[in-house]
Amino acid sequence: MQKINPNPSSFRDPEGYVVSIAGSPARVITAAGKRSYDALMGSGLYDALAGRGLLVEHREMESIPDGMSQNQIYKVIVPKKLPFVSYPYEWCFSQLRDAAITTLEVQEMALKHGMTLKDASPFNVMFVGYKPLFIDTLSFEPYEEGAPWKPYRQFCETFLAPLFLMSKLDLRLGSALKHFLDGIPLDLCRKLLGKKAIMGLAPLTHIWVHSFMQKRYADTSSETGGYKKGISRKGIEALIDNLHGCINRLKPPRQKTPWREYYAHTSYSESSFLAKKEGVLKLAERIKPKMVWDIGGNTGEFSTLFSERKIYTVCFDGDIGCVEECYIGAKKRRDKSLLPLFLDITNPTPAVGWQNEERESILSRGPADLVLFLAVIHHIALGHNVPLSMIAKMLSQAAKNLAIEFVPKEDPQAQRLLINKGDIFPDYTEENFRREFSKAFRIEDRIPIEGSGRSLYLMSGA
Amino acid sequence: MISPVMNKIFYPVMLILFLAVSYDRAYGYIDPGSGSLILQALLAGVLAVVFTVKTWWHKLSSLFSKKSSCSTDASKNNLKD
C-alpha cells in the first residue's frame, strides 16, 4: 500500500484537500466538490486555462487509492509536480504583482465560461521560474447571476494592500505577509499609508473607504453572508477590470538598496571574476545537479550560469532590491529555470501558520543538490558574528553538495566589515574554516581565485 | 476621520442600498465580509457604467481603425495570392 500523508497546508476547503502519495502531491475532491469540479471540466474552462499556461495541468487517477475513505471521495487528481514551492512573503514586488494579474486573468476567463473564483489568495499561485501559475484546481465554482465576487475582500487584503505598501512606501514591507498570512488588515494598511491612502482613486476606494466600511459593518449580523440578484455580471466584470487596471498602474518605487550595485563596486578584477565563474562551472560539472540554491545570489549573476543550462536554480538574496532586479531579468529572458526569492540567511524563513506546519520553513524545502555560497561567508561570520562551525552545520542541512568561496580576513571586503568592530575574530582563518567544514562535509577540491587571495571549495555531504 | 455628516447620511444610505437588493444564502468558505459586500455592490454599480462606456469606445475606435486599415489588409492578401 502506498503511503498517504495529508498536506498540513490544505484543510480549509470542504470541497477537497491535498495529500502526498508516495512523495508526490495529489488533490482529493470530496463529494461536496463534485459539482464545482465537474463544472470546471465540463465548461471548457480547464482546457482554456491549462492551454494558456495559467492553471496547473492534472490527470485523474483511475481509482481512489487504497487507504482512503472511499465513500466521501469523488475523485483524486494528480497535478503536474512543481520544481519548488515558494510563498508570497518570499516574493518581490513584481512577483506579487504578476501573481495578482494571473489571478485576475483566471477570474476573467472563468466568467466567460460561466464560472468564478471562490477565493483569491496569493497562496493559490506558484512560480515556475519567472512564470506565475494558478495551482488551486478547486478554487472554482459555477457563477450564479447576481452573486457578488466573494473574494473581493481577500484580494484587497492579500494582494492590493501589500502591493500599495511596497509601491508607495517601501519594498521591504512585502514581508509583512509572513505575519499576516490572511492578508494585511485594511485599517493597518490605511494607517501606514497615511495621506497616500487618499491620493488616487484606487487606494481611496479599495483601501481607505473599504477599511471604514469594514469597521462600520463589523457587527452586522445574520443575513449579510451572501445574496443573489445583487450585483450584475457587468458589475463583476467592471470590478475585475478596475482591479486589473489599478495593479497594472502600480510600479515598484525607485528605491536604492544596499546590494543592488554590488557588481559595479566589487573588489574583483574582470579576470578574477571570469576565473570564479569558470571554477564554479568546473565544480558543478562533476555533480550534475538538478536543483541549485544560490544563497546570497544578488541579482543572479552566478544563478544564470545554471538556469541557462536548464538546471532549476533558486536565487536567494536578503536584499529585496536584488530580488526585484533578478526577477525582472529572468522575466525579460523568459527564464523558466530561475526563481529569485527573498531570504535573510541569518533569519531563514520559518514554518508558519496553523501548528507551525501550514507553510514550510526554507530548510525543510531542501536539501538542494548543490548550494552556492559565494562571497557570503565573511558577511555571516564577521558581519553577524556567527561561528564557522554553526555556518557549516546550517549548510549541511541545506546542501547535498556545496560550492563555497572562502574570503580571507585580509580581503578588502572583509576589512570593510571590521572597520568599526576591530578584529574580534581570531578563529576566522582558512585553516579553521577547513577544519570546521570537514566535520560536516568532505572537501573534494580547492580552486584559488587568481589575483584575489580567495579560494573556491567544492564539498560533498559527509 | 469620517465627519458626523458622513456618519448620518453616508452609512444609512449604504445600508439601505444594500438591503434593497434581495438576498439569499449563498455562503462561501471564506467570509466575504459585510462591509466589503456593501462596498462591492456600490463600486460594481458605478464601475459598470464606466466599463460599458469604455467597451463601446473601444468597439467604436476599433471600427474606425479597421476601416482605415482595410485597404492595406486587402493589398496584403492580394500579394499572398
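Definitions and cut-offs
- Every chain is numbered on its own, with residues counted from 1 as its sequence reads.
- Chains and ligands are labelled sequentially in the order written, the chains with letters from A and the ligands with numbers from 1.
- A pLDDT threshold of at least 70 governs which residues receive local features in this predicted model, and a stricter bar of 80 or more applies before side-chain atom pairs are shown or counted, although totals over entire chains, interfaces and linings include all residues.
- The side-chain values count all of the structure's non-hydrogen atoms but skip hydrogen atoms and water molecules.
- By definition, any uninterrupted DSSP run of H or I lasting at least four residues is a helix, any uninterrupted run of E lasting at least two residues is a strand, and each is numbered from the N terminus.
- Using a 1.4 Å probe on the protein chains alone, a residue whose accessible area is under 20% of its type maximum counts as buried, one over 50% counts as exposed, and one in between counts as partly exposed.
- Under the convention used here, a 1.4 Å probe and the Shrake-Rupley method define accessible areas, while residue burial counts only the protein chains that appear.
- Two strands qualify as a pair provided that DSSP identifies no fewer than 2 bridges between them.
- Geometry is summarised by axes, namely lines fitted to C-alpha atoms with helices restricted to the contacting stretch, and by angles between N-to-C directions that run from 0 to 180 degrees.
- It only takes one pair of heavy atoms within 4.5 Å for two residues to be counted as in contact.
- Here, patches come from residues exposed beyond 30% relative accessible area and free of salt bridges, joined within 9 Å for like charges and within 5 Å for nonpolar side chains (Val, Leu, Ile, Met, Phe, Trp, Tyr).
- What counts as a salt bridge is simple: a side-chain nitrogen of Lys or Arg found within 4 Å of a carboxyl oxygen of Asp or Glu.
- Clockwise travel from the first strand over the helix to the second, with the strands pointing away from the viewer, marks a crossover as right-handed.
- N or O atoms closer than or at 3.5 Å make up a polar contact, with two conditions inside protein: a donor-capable atom paired with an acceptor-capable one, and, for residues adjacent in sequence, both atoms drawn from side chains.

1. A short note on the overall build of chain B
Here is step 1: Secondary structure summary: chain B contains two helices and zero strands in total.
Here is step 2: Out of the 81 residues belonging to chain B, those deemed buried represent 26%.
Here is step 3: Accessible area for chain B stands at about 5,800 Å²; split by element, carbon and sulfur atoms hold 69% of it.

2. With respect to the pairing of strand 3 (residues 24-30) of chain A
Residue and element names in this part refer to chain A.
Here is step 1: For strand 3, a buried count of five out of seven residues is recorded, marking the element as mostly surrounded by other parts of the structure.
Here is step 2: Across six bridges, the pairing between strand 2 (residues 16-21) and strand 3 is antiparallel. In the strand pairing of strand 3, I21 is matched with S24.
Here is step 3: The hairpin turn running from strand 2 into strand 3, its antiparallel successor, is two residues long, and A22 in that turn takes a positive phi close to 50°.
Here is step 4: Taken together, the four bridges between strand 3 and strand 5 (residues 73-79) define a ladder with antiparallel strand orientation. Residue R27 lies in a different strand from strand 5, and its bridge partner there is I77.

3. Some points on the sheet that holds strand 14 (residues 401-406) of chain A
Residue and element names in this part refer to chain A.
Here is step 1: If you trace the seven strands from one edge of the open sheet to the other, you get 12-11-10-13-14-16-15, paired in mixed fashion. A single partner strand is all that each edge strand has here, and the edge strands are strand 12 (338-342) and strand 15 (441-448). Averaged over all neighbouring strand pairs, the angle between strand axes comes to 20°, with direction disregarded.
Here is step 2: This element, helix 12 (residues 388-398), spans strand 10 (291-295), strand 13 (370-373), strand 14 and strand 15 of the sheet and lies at about 145° to strand 13.

4. Some thoughts on a nonpolar patch on the surface
Residue and element names in this part refer to chain B.
Here is step 1: On the surface, a cluster of nonpolar side chains totalling about 370 Å² of accessible area is made up of V46, V49, V50 and V53.
Here is step 2: Among the structural elements, V46 can be located in helix 2 (residues 34-80).
Here is step 3: A relative accessible area of 54% places V46 in the exposed class.

5. Brief notes about the pairing of strand 12 of chain A
Looking along a regular strand, one sees side chains alternate from face to face of the sheet.
Residues and elements named next belong to chain A.
Here is step 1: Where burial is concerned, most of strand 12 is hidden: five out of the five residues are buried.
Here is step 2: The alternating pattern of strand 12 places L338, P340 and F342 on one face and L339 and L341 on the opposite face, and all of these are buried.
Here is step 3: The sheet contact formed by strand 11 (residues 312-317) and strand 12 spans five bridges and is parallel. Each bridged residue has a counterpart across the sheet, and for C315 the counterpart in strand 12 is P340.
Here is step 4: Note on the crossover from strand 11 through helix 10 (residues 320-332) to strand 12: the handedness is right-handed.

6. Points about the side chain of E15 of chain A
Residues and elements named next belong to chain A.
Here is step 1: Within the fold, E15 resides in the loop between strand 1 (4-6) and strand 2.
Here is step 2: Side chain to side chain, E15 and K118 meet in a polar contact 2.7 Å long.
Here is step 3: Not counting the four nearest positions on each side in its chain, E15 is found in contact with V28, I29, T30, A32, G33, S36, K118 and L138.

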